[in-house]
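# Overview (structure and organization)
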Amino acid sequence: MRTATFASIAAAVLFVALSPRVGESQTYTSLRTASGQPDVNGFWQALNTAHWNLEAHMASPGPVLQLGAAHAVPPGQGVVVDGPIPYRPDALAKKKEYAANALREDAEIKCYLPGVPRMMYMPYPVQIVQSDSTILMMSEFASAHRTIHMGSKDSPPADTWMGWSNGRWEGDALVIETRGFMGGTISALDREGAIQVRFLDRAGNYHTDGLRVVERLRRIGPDHLSYQATIEDPNVYTRPWTISMPLYRRLDANMQLGEFKCEEFVSDLVYGKYQRTPDK
Amino acid sequence: MNAFLFAGRQAAGVIVATTSVVLTSVIGIAQDRPSPATNGSYKVPRTPDGQPDFQGYWTNLTYTPFERPRALANKPFYTEQEAIEAFKKAVSDSTDQIVHYVNSDFGATPVQTGARPNRRTSLLIDPPDGRVPPLTPAAEKREATRLAAQKARGPLAQTWKDDRGTVWCVFHDRAVPSIVAPYGSNYHIVQSRDWIVMTYEWNTEHRIIPLDGRPHGPAAVRTYAGDARGHWEGDTLVVETTNFSPNRNFFGSEGTFTLVERFTRTADDTIVHTYTVEDASTWTRPWTVELPMHRINGPMLEYACNENNQDGFATLKNARAQEAGTLAPMDAIKRGDAKATITEREEQGAAKVLGGEGQDEKK
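These figures come from a predicted structure and were not determined experimentally. (Residues numbered from 1 in each chain as written. Chains lettered and ligands numbered in written order. Predicted model: local features only at pLDDT ≥ 70, side-chain atom pairs only at ≥ 80, totals over all residues.)

### Looking at the overall build of chain A
Within chain A, the regular secondary structure consists of five helices and 11 strands. The buried share of chain A, taken over its 280 residues, is 42%. Put simply, of all contacts in chain A between residues at least 6 apart along the chain, 62% involve residues at least 24 apart. (Helix = DSSP H or I, 4+ residues; strand = E, 2+ residues; numbered from the N terminus. Buried ≥ 20, exposed ≤ 12 C-beta atoms within 10 Å, placed from the backbone. Contact = placed C-beta atoms within 7 Å.)

### Details of the overall build of chain B
For chain B, the count of helices and strands is seven helices and 10 strands. Burial statistics for chain B: of 363 residues in total, 36% are counted as buried.

### Considering the interface of chain B and chain A
Every contact between the two is made by 42 residues of chain B and, on the other side, 43 residues of chain A. Sorting the residues of the side of chain B that touches chain A by element identifies strand E3 (186-191), strand E4 (195-200), strand E5 (205-210), helix H5 (310-324) and helix H7 (342-354) of chain B as the ones contributing at least two each. If one sorts the elements of the side of chain B that touches chain A by residue count, H5 of chain B sits on top with six residues. The class makeup of the residues in the side of chain B that touches chain A is 20 nonpolar, 14 polar and eight charged. (Nonpolar A, V, L, I, M, F, W, Y, C, P; charged D, E, K, R; others polar.)

### Things to note about the domain arrangement of chain B
All names here are of chain B. You can read the domains of chain B as domain 1 (2-295) and domain 2 (312-354). On the side of domain 2, seven residues touch domain 1, which itself brings five residues to the contact. Looking at side-chain class alone, the side of domain 1 that touches domain 2 contains four nonpolar, no polar and one charged residues. (Domains from an automatic or database assignment.)

### A few points about the confidence of the model for chain A
This prediction gives chain A a mean pLDDT of 91; 89% of its residues lie at or above 70. Scored below 50 in pLDDT, residues 13-21 of chain A makes 10 contacts in the model with residues more than four places away or belonging to other chains. (pLDDT = per-residue confidence, 0-100.)

### So, the confidence of the model for chain B
All names here are of chain B. Averaged over every residue, the pLDDT of chain B is 81; residues scoring 70 or more account for 78%. The low-confidence segment residues 1-39, where pLDDT is below 50, has 84 contacts with residues more than four positions distant or belonging to other chains. Predicted confidence for residues 340-363 stays below pLDDT 50, and this span has 19 contacts to residues more than four positions away or in other chains. Model confidence for the complex: the whole-complex pTM is 0.86, and ipTM, which rates the interface, is 0.90.

### Topic: H5 of chain B
An ideal rise of 1.5 Å per residue puts 21 Å on 15 residues; H5 of chain B measures up with 21 Å between its terminal C-alpha atoms. Where H5 of chain B ends, the next residue or the one after it, Gly325 of chain B, has phi of about 80°, a positive value. (Expected span 1.5 Å × (residues − 1).)

### A few points about unusual backbone geometry
Peptide bonds are mostly trans, and most non-glycine residues show a negative phi. Residues and elements named next belong to chain B. The residue after Val176, namely Pro177, is reached through a cis peptide bond having omega -10°. If you trace the backbone, Pro177 turns up in the loop between helix H4 (137-152) and E3. With an omega of -5°, the peptide bond between Gly298 and Pro299 qualifies as cis. Of note, Pro299 is situated in the loop between strand E10 (287-295) and H5. The phi dihedral of Asn243 falls on the positive side, at around 60°, and the residue is not glycine. The exposure class of Asn243 is buried, given the 20 C-beta atoms found within 10 Å.

### Here's the deal with the sheet that holds strand E3 (residues 134-139) of chain A
All names here are of chain A. The nine strands are arranged E1-E2-E3-E4-E5-E6-E9-E10-E11 in a closed barrel whose pairing can be described as mixed. Averaged over all pairs of adjacent strands, the angle between their axes in this sheet comes to 30°, without regard to strand direction. Bridging between E3 and strand E4 (residues 145-150) involves five bridges; their strand directions are antiparallel. Counterpart to Met138 in the pairing with E4 is His145. (Pairing = 2+ DSSP bridges. Axes fitted to C-alpha atoms, helices over the stretch in contact; angles between N-to-C directions.)

### Quick notes on the pairing of strand E2 (residues 126-130) of chain A
Residues and elements named next belong to chain A. Burial analysis of E2 places five of its five residues in the buried class, which makes it a mostly covered element. Burial of E2 is two-sided: the residues Val126, Ile128 and Gln130 facing one way and the residues Gln127 and Val129 facing the other way are all buried. Alignment of E2 against E3, held across five bridges, turns out to be antiparallel. The partner of Val126 across the bridge, within E3, is Ser139. Taken together, E2 and the strand that follows it, E3, pair antiparallel across an intervening segment of three residues.

### Focus: the pairing of strand E9 (residues 270-278) of chain B
The side chains of a regular strand alternate between the sheet's two faces. Residue and element names in this part refer to chain B. Where strand E8 (residues 258-267) meets E9, nine bridges bridge the pair, whose relative direction is antiparallel. Considered in E9, the bridge of Glu261 is made with Tyr275. Counting the residues in the hairpin turn of E8 and E9 gives two residues. Bridge count for E9 against E10 is eight bridges, and the pairing is antiparallel.

### Remarks on the environment of Thr147 of chain A
Residue and element names in this part refer to chain A. With respect to the helices and strands, Thr147 occurs in strand E4. Separated by 18 residues in sequence, Thr147 and Ser165 place their C-alpha atoms 6.7 Å apart. If we skip the residues at most four places from it in the chain, Thr147 touches Thr134, Leu136 and Ser165.

### Details of the environment of Glu259 of chain A
Mapped onto the elements, Glu259 of chain A comes out in the loop between strand E11 (241-249) and helix H5 (263-271). Its 18 C-beta neighbours within 10 Å are what place Glu259 of chain A among the partly exposed residues. Taking the C-alpha atoms as reference, Glu259 of chain A lies 29 Å from Arg32 of chain A; in sequence the two are 227 residues apart. Sequence-distant contacts of Glu259 of chain A, defined by excluding residues within four places in its chain, comprise Thr223, Tyr224 and Ala225 of chain B.

Quick look at the structure:
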């Protein structure tokens with residue numbers, strides 16, 4: 001089961017902590033909330049191709065011929081700090097299989113909750129609303145949100161799609177440990193809706209219910225956060241590994257999260273074969 | 001208005017699926033003293049930003065009917081004793097639903113989740129008869145057309161859109177404005193200086209309300225939850241919401257209503273939530289609802305609706321099977337004349353999958 005120890009995660013975090021952080025200024029002093037916490041409120045968004053593929057990748061055609069260049073894959077240098085992703089040999093074979101069936105296996109296609117850390121670098125804004133005891137992180141995608149329980153050491157009461165997050169401050173850094181993930185849909189769900197594992201990106205990089213994530217967010221300027229996530233899942237990887245990227249503040253006037261109830265846009269796809277065409 | 005609410009002691013644990021029934025809490029409520037708010041001396045706690053503090057976990061689950069029963073048309077209030085008796089009767093009369101789940105097994109019935117007696121005989125408090133006001137002639141015509149179109153589609157679900165009456169994962173139609181779900185009608189409120197967020201257990205909705213005085217968004221952008229703007233009036237949070245989606249039907253209004261809500265914390269364990277809806281193209285007058293929100297223990301867990309929507313598949317697959325004559329019609333199943341229920345069929349299907357036989361591909 002979950003054989004990797006917390007020490008191994010801690011070691012990985014330490015490794016990253018000693019590495020230069022993306023764009024991080026060591027001199028920036030974070031703004032504070034009224035109660036004196038580092039202030040991470042606001043609308044944040046990744047500006048990279050991590051949602052296509054966490055690893056370095058060349059440009060390639062998109063998965064749907066008809067969408068042409070509009071949905072083709074832009075190139076990216078990758079966000080994995082200590083790559084390549086250390087897949088176990090059997091898991092790497094499965095990854096290739098899942099990637100080949102991404103249109104069926106990827107939760108994003110079905111508008112399922114994206115999980116962690118994926119929610120943080122999808123091409124949708126994330127709004128953070130911060131109080132002393134709770135930090136909410138809300139994505140525009142599928143109205144997904146995460147509840148960060150500050151100061152909590154609780155174990156997950158149940159497995160969930162977004163996991164159970166305990167947060168704490170380490171200096172100016174917000175450190176979040178998340179576990180208790182669903183590894184896929186329940187086994188009884190109809191095949192049209194079923195997914196077997198959870199994708200981390202559109203390229204088929206995946207995790208199971210063995211996932212444990214340690215994230216580190218820190219203000220590195222008025223409009224930037226540094227974001228790192230160390231990802232552990234002994235069912236899939238031989239060691240913890242880490243992604244790192246900046247998150248940018250959305251400065252749009254009157255910025256707010258839109259309502260993107262994407263289930264409406266995929267229901268004909270998911271339920272199609274059981275539907276009846278009207279007037280037939 | 002708060003004089004009419006009871007202040008119970010804090011409800012016993014509320015995590016759905018872990019709480020057991022504590023029926024004695026009903027008796028306990030009868031012995032509790034009236035709310036401190038009844039003498040107007042309650043001092044509303046403040047956030048570090050100095051705003052009234054609404055944070056924490058709350059429920060508005062209740063046994064009080066939304067509209068007033070006709071028999072109580074001229075009786076907006078029970079006496080305290082009548083309210084307790086009505087509450088006890090509602091608890092003992094309530095029959096658990098058998099489709100999907102037995103709610104009490106999950107600690108999810110109102111009495112298990114923190115519902116308390118209410119001296120109101122209905123949640124709808126204005127018009128004075130406690131009923132939704134009559135539709136305008138134009139709205140009546142619109143509703144008749146809609147219902148005729150619905151009837152013409154027949155009783156069997158044709159597409160996923162027809163499954164909205166049971167579990168509709170796109171949006172929880174009872175969330176904004178709240179008309180109280182049968183379970184899971186729980187809130188987690190988090191505040192920063194410029195935002196107040198109400199996450200809602202059923203369907204894991206989040207409602208994000210700006211407090212920074214910004215104008216409403218463009219009228220072209222209409223949403224299920226509407227475009228909410230909040231401001232403080234003394235200790236009361238006032239939220240004005242417009243731009244509701246035309247895909248909604250709220251008591252005859254197809255997203256053209258406006259909503260004004262007031263949230264006032266009247267005790268450590270009580271928020272009084274009132275709202276008024278108005279739509280001159282639908283109702284002959286505005287109407288107002290008062291919902292007590294009671295503090296409950298957290299945390300609140302995820303309600304992954306779309307991800308677990310077996311109901312969506314079952315409804316459509318069984319409709320096709322009923323059309324093909326391979327499954328008994330619903331009325332026969334409901335009468336008990338037909339043995340094969342939807343649940344049994346689904347369980348057989350699930351057993352096949354779990355048994356490694358693969359999915360039944362029969363049309």
